[in-house]
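# Structure assessment
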Protein chains: 2
Amino acid sequence: MKETKHIAIVGAGLVGSLLSIYLAKRGYKVSVYERRLDMRKHLIEGGRSINLALSNRGIRALEQVGLAEMLKQNAIPMHGRMIHDEQGKLNLLPYGKAGQFINSVSRGGLNMALMTEAEKHGVEFFFGHRCLQVDFNKTELTLQEYEAVKHKSFDVIIGSDGAFSAVRGAMQITDRFEYQQTYIEHGYKELRIPANDDGSFLMEPNALHIWPRDSFMLIALPNPDKTFTCTLFLPFEGPNSFDELDSPENIDHFFKKYFPDAYAMMPTLQEDFRDNPTASLVTIRCYPWVRNKTLLIGDAAHGIVPFYGQGMNAGFEDCRVLNELLDEHGDKWKKVLQAFQVLRKPDADAIAQLALDNFVEMRDLVNDEDFIIRKKIEAKLHERYPDKWIPLYTMVTFRDDLRYSYALETGQKQKAIMDEVMRSPGVFVNWESVNLEAIVNKL
Amino acid sequence: MKETKHIAIVGAGLVGSLLSIYLAKRGYKVSVYERRLDMRKHLIEGGRSINLALSNRGIRALEQVGLAEMLKQNAIPMHGRMIHDEQGKLNLLPYGKAGQFINSVSRGGLNMALMTEAEKHGVEFFFGHRCLQVDFNKTELTLQEYEAVKHKSFDVIIGSDGAFSAVRGAMQITDRFEYQQTYIEHGYKELRIPANDDGSFLMEPNALHIWPRDSFMLIALPNPDKTFTCTLFLPFEGPNSFDELDSPENIDHFFKKYFPDAYAMMPTLQEDFRDNPTASLVTIRCYPWVRNKTLLIGDAAHGIVPFYGQGMNAGFEDCRVLNELLDEHGDKWKKVLQAFQVLRKPDADAIAQLALDNFVEMRDLVNDEDFIIRKKIEAKLHERYPDKWIPLYTMVTFRDDLRYSYALETGQKQKAIMDEVMRSPGVFVNWESVNLEAIVNKL
């Protein structure tokens, strides 16, 4: 009889916890090592965003292990972007067709549900265990629990330990490991809009709210307790920056000036601003993701900025893709890991780029007439030619059957065509009568 | 009375040792911590190249501490590139004007001389000390000597610990630290051409020998013992790669085919090939170089590929520039460190790019008629207009008064002008009669 393989997962975040379920269901012995304490028993200090946008790729990966229905119950559908202008005027731009939406979910709630589900499948979690070193030849972890250090060997090690991965840190000093960490000039801070006195939402709950202000923006996502979590994205330095918001007066003045309607709904603005950290936004690119029988996955392999709402979705898709390769190649892990990185790296690079590009769109273009007309023409194109012209946002968010790399490439072609359309005379008035067939034929 | 500041330097390589002399001469207490044992007492395993090209920037930095004369005695001048074609035919391309040359020096010899000189100035070296951690707030090193771990605070810490810097490793996990490590697809292996039986050189000693073969190359630098150190630069994978040289027969066949004249002078080829490691070539880009009172310098801040022979020269120039900023700002280290990184980063980026570009030139263009005629026209331009048209190689190598960033920028302008010149009809035959004034006026 074949011996059961023992797989170590480093990091019990969203991706590590979901992956542990996939692997336990395949019959592996799975041990998950997590630096922090068990968030189901301890209040864990923050540093990560409170809520996330779950969309089709993530849902599909959850479906495969039978979890999608359960998790959808706590999700709040968001059908479009609710744009707030400087006068507080609202404009809803749908994300896709009727019935297409993304979901606001709680990071903590989802993570805890995944861990509890994993334990039902026999996964063992070891909290308070810090990964100090990885020996790739021996597939061995050096783990620290309090002051005790131990060495443990496994058949396979998977690093799902996030953008500041310790497993990747060990890979980085192996020969010919390509590595890049790049920050954008913006940081972010989480703020809060409470529920109404009667316990209802203060704004439309089924939308992602955006206050686009060109060089910066505020967004808000709904929570099940009828509050909103707001996130301010602002440059660290320069005009209109975190540097400038250095006193209660300056914070007050800034919010009143740029976000008057939000300001009126934020009674704890000053406390939130003072107490919540100003976090930075990094993109991580590296390769290879595999050394011998150790693999990087999720943010550890491809940390991205949050502006496409795809960080978690991409990590969950990693789990599904890895599982499909195990279906295809069976228990041959060396083959599976190699196939995984070759298949998945172009998609990781694509979503990293798309996420950076979408920041410009969110904070700038959504406020722009050119952008709005483009979206309208594209919606018409998609309606008439649903399989031929699929808007980029739809490909990324709602079409889990299309690879990120395909979406990026097709989106670039579409953009070139639409640039031409938008240069045609009179398009801003007669956009409803553009020749859709001529446009789609250029693709 | 002012207390003497205590400065820690991590890494007793070429740059750390030279910097320690600069700082000791300014009156600081300087402690240098080196992971390896003292190379003056122990045979240190290799991993770094045996000889290096010392040129004007490096010499100027050595002059400032009175060391240039001493070191020139063991240097072998190289006046040009000696190109070897596949038939063993030779062609000398001078590096500059008559009297301009670069110097082949021994890495070990130079490093040992710098350490001994530093000790004369009161610098203390601590060998066998590994830097484990850096606390930037406290300017504190965690150092390991055998099994003992100790913490030591300093007024200033300088990381000159090379491309795989431990000090930089500590910086990398601080917020918003931009970092990139990129490998080229080529590796290198050192080989040897012995002295003649009568103790003379087997080839022209006053040249850097190059066997350019488009996608790969062999080079050789002379040593004082009349041997040459050869370095083979070859892709790791693909056709004509280290992967393919997997048997004595294949090595033999490859060298006979591509380097017949060198092959005839390499009796220990097989042993050298087997015993010497195949090393990789990395470019390191990062920023900032300063956290509080800790600075990165040399390869730790800007590791570059060796193809412009500027790695050591750039590191030595770092020392001179830092010293000049201490002249300018006095003992105000925070100001000095900040000024250093702002001033020096564009130059580090420039030489990193120039070094990558020069690999193409060395292995490919030097064998090319277009390249040779360009060089000849540029030499004439420089002769006629010595201050207006300075060839790129001359700016980088012989003009220590010009910044690398200026050289890169000016070189790009020159290249655009020369591209045009080389497109003019008949230039390959009548290059001697091109209108030099018209060319120089375009600059």
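In case you missed it, the structure is sitting above this.
Report on the accompanying structure.

This part covers the sheet that holds strand E11 (residues 148-153) of chain A. Residues and elements named next belong to chain A. If you trace the three strands from one edge of the open sheet to the other, you get E9-E10-E11, paired in antiparallel fashion. Every other strand in the sheet has two partners, leaving strand E9 (129-135) and E11 as the edge strands with one partner each. Going across the sheet, the axis of each strand differs from the next one's by a mean of 25 degrees, ignoring polarity. One ladder, built from six bridges, connects strand E10 (residues 140-145) with E11; its direction is antiparallel.

This part is about the pattern of salt bridges. Side-chain pairs of opposite charge can arise where the charged atoms are in close proximity. All names here are of chain A. Under the defined criterion, the tally for this structure stands at 54 salt bridges over all chains. The salt bridge partner of Asp400 is Arg60, with a shortest N-O separation of 3.2 Å. Taken together, the positions of Asp400 in the loop between helix H13 (392-397) and helix H14 (404-423) and Arg60 in helix H2 (residues 56-63) put the pair 340 residues apart, joining distant regions of the chain. On the basis of relative accessibility, which here comes to 22%, the residue Arg60 falls in the partly exposed class.

A word on the sheet that holds strand E11 (residues 148-153) of chain B. Residue and element names in this part refer to chain B. With antiparallel pairing, the three strands of this open sheet are ordered in space as E9-E10-E11. A strand with exactly one partner marks an edge of an open sheet, and here the two such strands are strand E9 (129-135) and E11. With direction set aside, neighbouring strand axes in the sheet form an average angle of 25 degrees.

This paragraph deals with the interface of chain A and chain B. Listed as interface residues are 16 residues of chain A and, on the opposing side, 16 residues of chain B. With both chains or domains summed, chain A and chain B bury close to 1,500 Å², and 34% of this area falls on carbon and sulfur atoms. Interface area lost by chain A to chain B is led by Arg176, Gln181 and Tyr183 of chain A, which between them contribute 40%. Summed over the shared surface of chain A and chain B, the number is two salt bridges. Here chain A is connected to chain B by 13 residue pairs in polar contact (both at pLDDT 80 or more). No other element matches strand E13 (residues 178-193) of chain A, which puts eight residues into the side of chain A that touches chain B.

Moving on to the nonpolar core. Side chains that are nonpolar tend, in soluble globular proteins, to be buried together. Ranked by internal contacts, the top residues of the largest apolar core, which has 146 residues, are Ile158 of chain A together with Ile158 of chain B. Beyond its immediate chain neighbours, meaning those up to four positions away, Ile158 of chain B contacts Ile7, Ala8, Ile9, Val10, Leu19, Leu23, Leu295, Ile297, Leu322 and Trp333 of chain B.

So, about helix H12 (residues 369-384) of chain B. Residue and element names in this part refer to chain B. The end-to-end C-alpha distance of H12, which contains 16 residues, comes to 23 Å, matching closely the 22 Å that a straight helix rising 1.5 Å per residue would cover. When H12 is considered as a whole, its buried residues turn out to be Phe371, Ile372, Ile373, Arg374, Ile377, Glu378, Leu381 and His382. In this fold, the buried residues of H12 make contact with strand E6 (90-94), helix H11 (333-363), helix H13 (392-397), helix H14 (404-423), helix H15 (427-430) and helix H16 (436-442). The backbone nitrogen of Asp370 has a side-chain oxygen 2.9 Å away, supplied by the residue at the start of H12, namely Asp368.

All right, on to the packing of aromatic side chains then. Aromatic ring pairs are defined here through the distance separating the ring centres and the angle between the ring planes. Residue and element names in this part refer to chain A. Tallied over the full model, the rule gives 49 aromatic pairs over all chains. Note on Tyr33 and Phe154: the rings are 5.9 Å apart at their centroids and 65 degrees apart in plane angle, and the pair reads as edge-to-face. One end of the pair, Tyr33, is in strand E2 (residues 29-33); the other, Phe154, is in the loop between E11 and strand E12 (156-159), with 121 residues separating them in the sequence. The burial state of Tyr33 is the same as that of Phe154; both residues are buried. Here the aromatic cluster, defined as three or more aromatic residues joined through ring pairs, consists of Phe216, Phe254, Phe255, Tyr258 and Phe259. Between Arg81 and the ring centre of Tyr393, over which it is positioned, the NZ or CZ distance is 5.0 Å.

Calculation notes
- Residues numbered from 1 in each chain as written.
- Chains lettered and ligands numbered in written order.
- Predicted model: local features only at pLDDT ≥ 70, side-chain atom pairs only at ≥ 80, totals over all residues.
- Heavy atoms only, no water.
- Pairing = 2+ DSSP bridges.
- Helix = DSSP H or I, 4+ residues; strand = E, 2+ residues; numbered from the N terminus.
- Axes fitted to C-alpha atoms, helices over the stretch in contact; angles between N-to-C directions.
- Salt bridge = Lys/Arg side-chain N within 4 Å of Asp/Glu carboxyl O.
- Buried < 20%, exposed > 50% of the residue type's maximum accessible area, 1.4 Å probe, protein only.
- Contact = heavy atoms within 4.5 Å.
- Buried area = accessible area lost by both parts, 1.4 Å probe.
- Polar contact = N/O pair within 3.5 Å; in protein donor to acceptor, adjacent residues only side chain to side chain.
- Core = buried A, V, L, I, M, F, W, Y, C linked by side-chain atoms within 4.5 Å.
- Expected span 1.5 Å × (residues − 1).
- Phe/Tyr/Trp six-rings, centres within 6.5 Å; stacked < 30°, edge-to-face > 60°.
- Lys NZ or Arg CZ within 6 Å of the ring centre and 35° of its normal.

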